[in-house]
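Residue-level structural notes
Below are the chains, spelled out letter by letter.
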Amino acid sequence: MDQLLINLLNGLASGLLLFMLSAGLTLIFSMMGVLNFAHASFYMLGAYAAYVLAGWLGFWPALLLAPLAVGLLGALFERTALRRVHKFGHVPELLITFGLSYVILELVQLVFGRTSVPFGPPPALQGSAFTLLKAAGQGLTLVWGDATPAQCAAAACSKFPLTRAFMMVVALAMLVALWALLTRSRIGLVIQAALTHPEMAEALGHNVPRVLMLVFGSGCALAALAGVIGGITFVTEPAMAAIVGSIIFVVVVVGGVGSLAGAFVASLLIGLIQTLPLTVDASLATLAQRAGLAVTPATPGYPLLKLSLAQVAPILPYLLMVLILIFRPKGLFGTRDD
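Residues numbered from 1 in each chain as written. Predicted model: local features only at pLDDT ≥ 70, side-chain atom pairs only at ≥ 80, totals over all residues. Heavy atoms only, no water.

Brief notes about the overall build of the protein
Test applied: Only DSSP runs of H or I covering at least 4 residues are called helices, and only runs of E covering at least 2 are called strands; the numbering of each starts at the N terminus. Our radius of gyration looks at C-alpha atoms and nothing else; its globule reference is 2.2 Å times the residue count to the power 0.38. A simple rule labels every residue: compare its accessible area, found with a 1.4 Å probe on the protein chains alone, to the largest value its type can have, and call it buried under 20%, exposed over 50%, or partly exposed in between. Whether two residues touch is decided by their heavy atoms; if any such pair falls within 4.5 Å, the residues are in contact. Exposure was quantified through the Shrake-Rupley algorithm and a 1.4 Å probe, taking into account, for residues, occlusion by the shown protein chains and nothing else. Asp and Glu are treated as the negative residues and Lys and Arg as the positive ones, with His and the ends of the chain left uncounted. One atom stands in for each charge, and that atom is NZ of Lys, CZ of Arg, CG of Asp or CD of Glu.
Along the protein, the regular secondary structure elements total 15 helices and three strands. In summary, the protein has a C-alpha radius of gyration of 22 Å against a globular reference of 20 Å for 338 residues, a match within 12%. Over its C-alpha atoms, taken along the principal directions, the protein stretches across nearly 70 × 50 × 40 Å. Taking all 338 residues of the protein together, the buried fraction comes to 46%. Contacts in the protein between residues far apart in sequence, at least 24 positions, make up 75% of those at least 6 positions apart. As displayed, the protein has an accessible area near 17,200 Å², and 69% of this comes from carbon and sulfur atoms. Averaging the locations of the 16 positively and 11 negatively charged side chains of the protein gives two centres separated by 2 Å.

Digging into the nonpolar core
Rules: Think of a nonpolar core as a cluster: buried Ala, Val, Leu, Ile, Met, Phe, Trp, Tyr and Cys residues, connected wherever their side-chain atoms sit within 4.5 Å.
Counting 89 residues, the largest nonpolar core has Met20, Met32, Phe42, Tyr43, Met174, Val254 and Ile270 as the members making the most contacts within it. It is helix H1 (residues 2-32) that provides the largest number of residues to this core, a total of 15 residues. The contacts of Val254, once residues within four sequence positions are left out, are Ala266, Ile270, Leu320, Met321, Ile324, Gly331 and Leu332. Residues Leu133, Ala135, Ala147 and Ala155 belong to the second largest nonpolar core, which totals five residues.

A word on the packing of helix H6 (residues 162-184) against helix H9 (residues 208-233)
Heads up, the rule is: For every element, the axis is a line fit to its C-alpha atoms; helices are fit only across the contacting stretch, and the angle between N-to-C directions ranges from 0 to 180 degrees. Roughly parallel means an angle under 35 degrees; roughly antiparallel means over 145; roughly perpendicular covers 65 to 115; every other angle is labelled oblique. Gly is placed with the polar residues, together with every amino acid not listed as nonpolar (Ala, Val, Leu, Ile, Met, Phe, Trp, Tyr, Cys and Pro) or charged (Asp, Glu, Lys and Arg).
Between H6 and H9, whose axes approach to 10 Å, the crossing angle comes to 170 degrees. In terms of orientation, H6 lies roughly antiparallel with respect to H9. Mapping the contact onto sequence places Thr163, Arg164, Phe166, Met167, Val170, Met174 and Leu178 in H6 and Leu222, Leu225, Ile229 and Thr233 in H9. Residue composition of the contact of H6 with H9, grouped by class: eight nonpolar, two polar and one charged.

Re the pairing of strand E1 (residues 128-134)
This is how it is decided: By definition, two strands form a pair when at least two bridges between them are found by DSSP.
Burial within E1 is extensive, with six of its seven residues counted as buried. Where E1 meets strand E3 (residues 156-161), six bridges bridge the pair, whose relative direction is antiparallel. The residue of E3 that forms the bridge with Leu133 is Cys157. Strand direction decides the pairing type here: E1 and strand E2 (residues 140-144), joined by five bridges, are antiparallel. In the sheet register, Leu133 faces E2, and the bridge partner there is Thr141.

Side note on the UniProt feature "transmembrane region" (unreviewed entry) in the protein
How we decide: UniProt positions are given in the numbering used here, feature names are shortened, and annotations may be inferred rather than shown by experiment.
The UniProt record annotates "transmembrane region" (unreviewed entry) at residues 12-35, 65-82, 94-112, 165-182, 211-235, 247-273 and 309-327. With 100% helix and 0% strand, residues 65-82 has its two end C-alpha atoms placed 24 Å apart. Between the end C-alpha atoms of residues 94-112 the distance is 27 Å, and the span holds 100% helix and 0% strand.

Notes on the sheet that holds E1
One open sheet accounts for three strands, arranged E2-E1-E3; its pairing is antiparallel. A single partner strand is all that each edge strand has here, and the edge strands are E2 and E3. Strand after strand, the sheet turns through a mean of 20 degrees between neighbouring axes, direction not considered. Lying on the sheet, H6 is in contact with E1 and E3; it crosses E3 at an angle near 40 degrees.

Structural notes on a nonpolar patch on the surface
Just so we agree on the cut-off: Patch criteria: residues need more than 30% relative accessible area and no salt bridge. Like-charged residues are merged within 9 Å; nonpolar side chains of Val, Leu, Ile, Met, Phe, Trp and Tyr are merged within 5 Å. The term salt bridge refers to a side-chain nitrogen of Lys or Arg lying within 4 Å of a carboxyl oxygen of Asp or Glu.
A cluster of nonpolar residues, Trp56, Leu57, Leu64, Leu65 and Leu68, forms a patch on the protein surface that exposes about 600 Å² of accessible area. Where the nonpolar patch is concerned, the elements lending two or more residues are helix H2 (39-57) and helix H3 (59-85). Ranked by residues supplied to the nonpolar patch, first place goes to H3 with three residues. As for its placement among the helices and strands, Trp56 is situated in helix H2.

A look at the environment of Ala263
With respect to the element layout, Ala263 can be found in helix H11 (residues 260-275). With 258 residues separating them in the primary sequence, Ala263 and Leu5 have C-alpha atoms 24 Å apart. Filtering out sequence-adjacent residues up to four positions away, Ala263 remains in contact with Phe19, Ser22, Thr26, Val251 and Gly255.

Description of the side chain of Ser259
Basically, it comes down to this: In the analysis that follows, any N or O atom pair within 3.5 Å is treated as a polar contact, provided that within protein one partner can donate a hydrogen and the other can accept it, and provided that, for residues neighboring in sequence, both atoms belong to side chains.
With respect to the helices, strands and loops of the structure, Ser259 is situated in the loop between helix H10 (240-255) and H11. Here Ser259 falls in the buried class, since its relative accessible area comes to 12%. Only 2.9 Å separates the side chain of Ser259 from the backbone nitrogen of Gly262, close enough to count as a polar contact. Residue contacts for Ser259: discarding those within four places in its chain leaves Thr26 and Phe333.

Things to note about the packing of aromatic side chains
For clarity, the cut-off: In this analysis, rings of Phe, Tyr and Trp, with Trp reduced to its six-membered ring, are considered paired at centre separations within 6.5 Å, and the interplanar angle assigns stacked below 30 degrees, edge-to-face beyond 60, and tilted for intermediate values.
Applying the stated criterion to the full structure yields 11 aromatic pairs. Here Phe19 and Phe264 contribute two aromatic rings whose centre-to-centre distance is 5.2 Å and whose plane-to-plane angle is 85 degrees, an arrangement assigned as edge-to-face. Of this pair, Phe19 sits in helix H1 while Phe264 sits in helix H11, and the two are 245 residues apart along the sequence. One exposure class covers both Phe19 and Phe264, and it is buried. For the pair Tyr48 and Phe112, a centre-to-centre distance of 4.7 Å together with 35 degrees between the ring planes defines the contact as tilted. Of the two residues, Tyr48 sits in helix H2 while Phe112 sits in helix H4 (residues 90-112), which places them 64 residues apart along the sequence. Judged by its relative accessible area of 1%, Tyr48 is buried. What makes Phe112 partly exposed here is its relative accessible area of 27%. Taken together, the ring pairs in this structure connect Tyr48, Tyr51, Phe59, Trp60, Phe112, Phe119 and Phe166 into an aromatic cluster.

Structure, rendered in structure tokens:
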């Protein structure tokens, strides 16, 4: 039970990190109609920018300044490059963002090398948020922070890292801030007006291209914020963009393209799908044997039947995406004009 609870929290934390990433991508697509293939590269860029700034100013100023810096770079890219090809349709937009992802990767490898950099959490985020102790014949005992060596010697210890708890808090705060910005603020109303009625918004004196530049830069800043937290929680390396690059598009498709609520639900769902099966060694062959069916190496399809759930866990999100595309192409919360 203690390990199940920790795995559940790990899945929720991973899902909320995916939401931090997919929220920016969803925001850009819903407002601009641009599917940004370089979004994961801005995630990586945020981690490296925070690594550099943390060496000069400390982690907490870097947590604020790195997303701002990456957001400004994203806005500059939209102003100087993306806007020039926007009138030619979606294919040039995809190509230019795809090319940007390679440029960012090569620049990062040129400056920092191909290996990981030592970007760890600050002292305030080191250790465990809480520890679950499970002694033989007793229930679970909750200890805030790290348990002592004596406590872990007398009972099984399951720890939940403080960085993951911080990740969950920041993701939820970001969700509330985005909701408030888009629905309860004047700038949110202007953004929505520029999306649905750009000519009327311009007639009222609003600079629609500047609004779109702000949206693109904000989406890149959200990706960079996820990169800062992901960098201290996992590993800061050039490959981190490729690791999350495909899965965030799965989140967007499953949740519904352009739906922020769909991105949130799909992120949590995929985070749990990726994490919970990792500790399950059962397979279809095991299930068949428990049902009284004989499964041997001579059974047709035995190589597939003997695969454990933990082994197939990495492909489960993609199988879910295939099912969504077959039975509900618009996604869980997506809308489609008839």
